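This is what each chain is made of:
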Amino acid sequence: MAIPYVINIQKYSLHDGDGIRTTIFFKGCLLNCWWCHNPESQRYTPELLFNYERCKGCKECEKICPEHVIKVEENIAKTERENCILCETCLDYCINEAREIVGKQYPIEELLKEIDKDKMFYEESGGGVTLSGGEIMTQDIGYLVELLKKIKKRGYHITIDTCGYAPQKNYEALIDYVDTFLYDIKTMDNEVHKKYMGKGNELILSNLKYLSECGKNIYIRIPLIGGVNSSQESIKDIVKFLKENVQVKKINLLPYHKAGTNKYEKLDLSYLGEDFVTPSQEELEKYLDIFRKNGFSDVKIGG
Ligand code: SF4
Ligand code: SF4
């Protein structure tokens, strides 16, 4: 069983399902959304995050790196990422905390210990545990089944936050343990989907239909990005698909924002979404109206 890497365990989360939740963000996703707010969640293995603003060029990391892959030039440490073995040695020597490695493996019992710490909040708020990512549904399925069985045995509510791009057999394997799916829909236009997310939407839509046919509790989340999918036409297409195929409990419209884009620099990646636009309040109101007129009463802006 392959133990997945975790980016973050977020306590007291109020936006990842019902009540107060512990949300576990796993590392790795098969999509490549241009606006991704967590680019450190896209690859399946650990990575170095380097904060350029904190680096003072002191050279302590350069001196200590056993692989000699750091060179300080013009007062900034530069790392040959392809030859870094992620040994973490340099982290302890950087007093400015410019260096960080993201991605930690949690054996199931260790993760359960973290989850159990917030038991009291789940009970009081009607919350529970949310597994998110990256894309949780693409992690080792043996690990996930065992984890979910153990969480369920404790009586905690389980939510899965998914982009839908994962084999249907993975959903089949977990379906009995999951209470709610937070399910992302971005666009019905397959060419737009391929361009901005790196893959087509067929698998995502068929998995969504499958979960609906199984009678699961489904909350739809729609990121709205000016320049990609924020238009009345795009919303009408999504509404049509949902009306015809999915029993939806709630819909959240999530307007695009630029938070998190500095993480691209920390990973030495380019951010492709510079031209994306946040939809205006007026546009958002129109979208809400389209949903409501089509019988979706529980729809709101925000998570
Ligand atoms: S130890 Fe930290 S502050 Fe010093 S050069 Fe390396 S990254 Fe920069
Ligand atoms: S993690 Fe290890 S190999 Fe990579 S830069 Fe730091 S000291 Fe060098």
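Description of the structure in this document. This one's a predicted model, so the numbers in the text were calculated from it and none came from an experiment.

Analysis parameters
Residue positions are given per chain, counted from 1 along the sequence in the order it is written. Here every chain gets a letter starting at A, and every ligand a number starting at 1, in the order they are written. Restriction of local features to residues with pLDDT of at least 70 applies here, the model being predicted, together with a cutoff of 80 or more for giving and counting side-chain atom pairs; totals for whole chains, interfaces and linings are based on all residues. Just so you know, side-chain values use all the structure's heavy atoms and leave hydrogens and water out. What counts as a helix is a DSSP run of H or I of at least four residues, what counts as a strand is a run of E of at least two, and both are numbered from the N terminus. Under the scheme applied here, a residue whose accessible area is under 20% of the maximum for its type counts as buried, over 50% as exposed, and between as partly exposed, the area being computed with a 1.4 Å probe on protein chains only. The rule for a residue being near a molecule or strand is that one of its heavy atoms must lie within 4 Å of it. Under the scheme applied here, ten amino acids are nonpolar (Ala, Val, Leu, Ile, Met, Phe, Trp, Tyr, Cys and Pro), four are charged (Asp, Glu, Lys and Arg), and all others, including Gly, are polar. The criterion used for residue contact is that any of the two residues' heavy atoms lie within 4.5 Å. Two strands are said to pair when DSSP picks up at least two bridges between them. Under this scheme, a helix contributes an axis fitted over its contacting stretch, all axes are lines through C-alpha atoms, and angles between N-to-C directions fall in the 0 to 180 degree range. In this scheme Phe, Tyr and Trp rings, the latter by its six-membered ring, pair at centre separations within 6.5 Å, and the angle between planes marks the pair as stacked below 30 degrees, edge-to-face above 60, and tilted otherwise. Any Lys NZ or Arg CZ that is within 6 Å of a ring centre and within 35 degrees of that ring's normal is treated as a charge sitting over the ring. As used here, the arc belongs to the directions running from the helix axis to the C-beta atoms. Polar contacts here mean pairs of N or O atoms no more than 3.5 Å apart (in protein, one a potential hydrogen donor and the other a potential acceptor; neighbouring residues in sequence count only if both atoms are side-chain atoms). Should a side-chain nitrogen of Lys or Arg be within 4 Å of a carboxyl oxygen of Asp or Glu, the pair is scored as a salt bridge.

## Brief notes about the side chain of Asp184
Relative to the assigned elements, Asp184 resides in strand E10 (residues 180-184). Asp184 gets classed as buried once you look at its relative accessible area, which sits at 17%.

## Side note on unusual backbone geometry
Glycine aside, a negative phi is what most residues show, and trans is what most peptide bonds show. Between Gly133 and Gly134 the backbone carries a cis peptide bond, its omega angle lying at 15 degrees. Relative to the assigned elements, Gly134 resides in the loop between strand E8 (128-132) and helix H5 (141-153). One non-glycine residue, Leu86, lies in positive phi territory at about 55 degrees. Here Leu86 shows up in the loop between strand E5 (76-79) and helix H2 (89-93). Overall, Leu86 belongs to the partly exposed group, its relative accessible area being 27%.

## Regarding the site of ligand 1
In the neighbourhood of ligand 1, 13 residues make up the surrounding shell, with Cys55, Lys56, Cys58, Cys61 and Cys94 lying closest. Across the shell around ligand 1, the residue classes break down as 8 nonpolar, 2 polar and 3 charged.

## Quick notes on the environment of Leu14
Looking at where Leu14 falls in the secondary structure, it is placed in the loop between strand E1 (5-13) and strand E2 (21-26). The exposed category is assigned to Leu14, whose relative accessible area is 57%. When the C-alpha positions of Leu14 and Ser230 are compared, they lie 25 Å apart, and in sequence the two are 216 residues distant. If near-sequence neighbours (up to four positions away) are discounted, Leu14 is found in contact with Gly19 and Ile20.

## Digging into the sheet that holds strand E13 (residues 299-301)
The 9 strands are arranged E7-E1-E2-E8-E9-E10-E11-E12-E13 in an open sheet whose pairing can be described as mixed. Strands with a single pairing partner mark the edges of an open sheet, and in this sheet they are strand E7 (104-105) and E13. Relative to E13, strand E12 (residues 250-255) runs parallel, the two sharing 3 bridges. By the bridge assignment, Asn252 is partnered in E13 with Lys300. Running at roughly 170 degrees to E13, helix H11 (residues 281-293) makes contact with strand E11 (217-224), E12 and E13 of the sheet.

## Focus: the packing of aromatic side chains
This model, assessed by the stated rule, comprises 12 aromatic pairs. Seen in terms of ring centroids, Trp35 and Phe276 are 6.2 Å apart; in terms of plane orientation they differ by 65 degrees. Their pairing is edge-to-face. Here the residue Trp35 occupies a position in the loop between E2 and strand E3 (47-50), and Phe276 occupies one in the loop between helix H10 (262-266) and H11, the gap between them amounting to 241 residues. Assessed through its relative accessible area of 9%, Phe276 is described here as buried. Cluster of aromatic residues (ring-pair linked, three or more members): Trp34, Trp35, Tyr196, Tyr256 and Phe276. The ring of Tyr106 has Lys104 sitting right over it, with the charged end atom 4.4 Å from the ring centre.

## Observations concerning the side chain of Ser41
Structurally, the position occupied by Ser41 is in the loop between E2 and E3. According to the relative accessible area criterion, Ser41 is buried, its value standing at 3%. In this structure Ser41 touches Ile7, Phe26, Lys27, Gly28, Cys29, Cys36, Gly133 and Gly134, once residues within four positions along its chain are discounted.

## Notes on the pairing of E12
The pairing of E11 with E12 spans 6 bridges and is parallel. Paired with Ile220 across the strands is Ile251, a residue of E12.

## Description of helix H7 (residues 190-197)
By the burial criterion, the buried members of H7 are Asn190, Val192, His193, Tyr196 and Met197. End-on, the buried residues of H7 take up no more than an arc of 155 degrees, which puts them together on one face. Those residues of H7 that are buried are in contact with helix H8 (202-213). For H7, the capping residue at the N-terminal end is Asp189, with a side-chain oxygen 3.0 Å from the backbone nitrogen of Glu191. Just downstream of H7, Gly198 is the residue with a positive phi angle, here 85 degrees.

## So, the pattern of salt bridges
Counted according to the given criterion, the structure contains 20 salt bridges. Between Lys293 and Asp289 there is a salt bridge; the shortest N-O distance is 3.0 Å. Here Lys293 pairs with Asp289, and both are found in helix H11, just 4 residues apart, close to one helical turn. Bridged by salt links that share partners, the residues Lys11, Glu114, Lys117 and Asp118 form one connected network.

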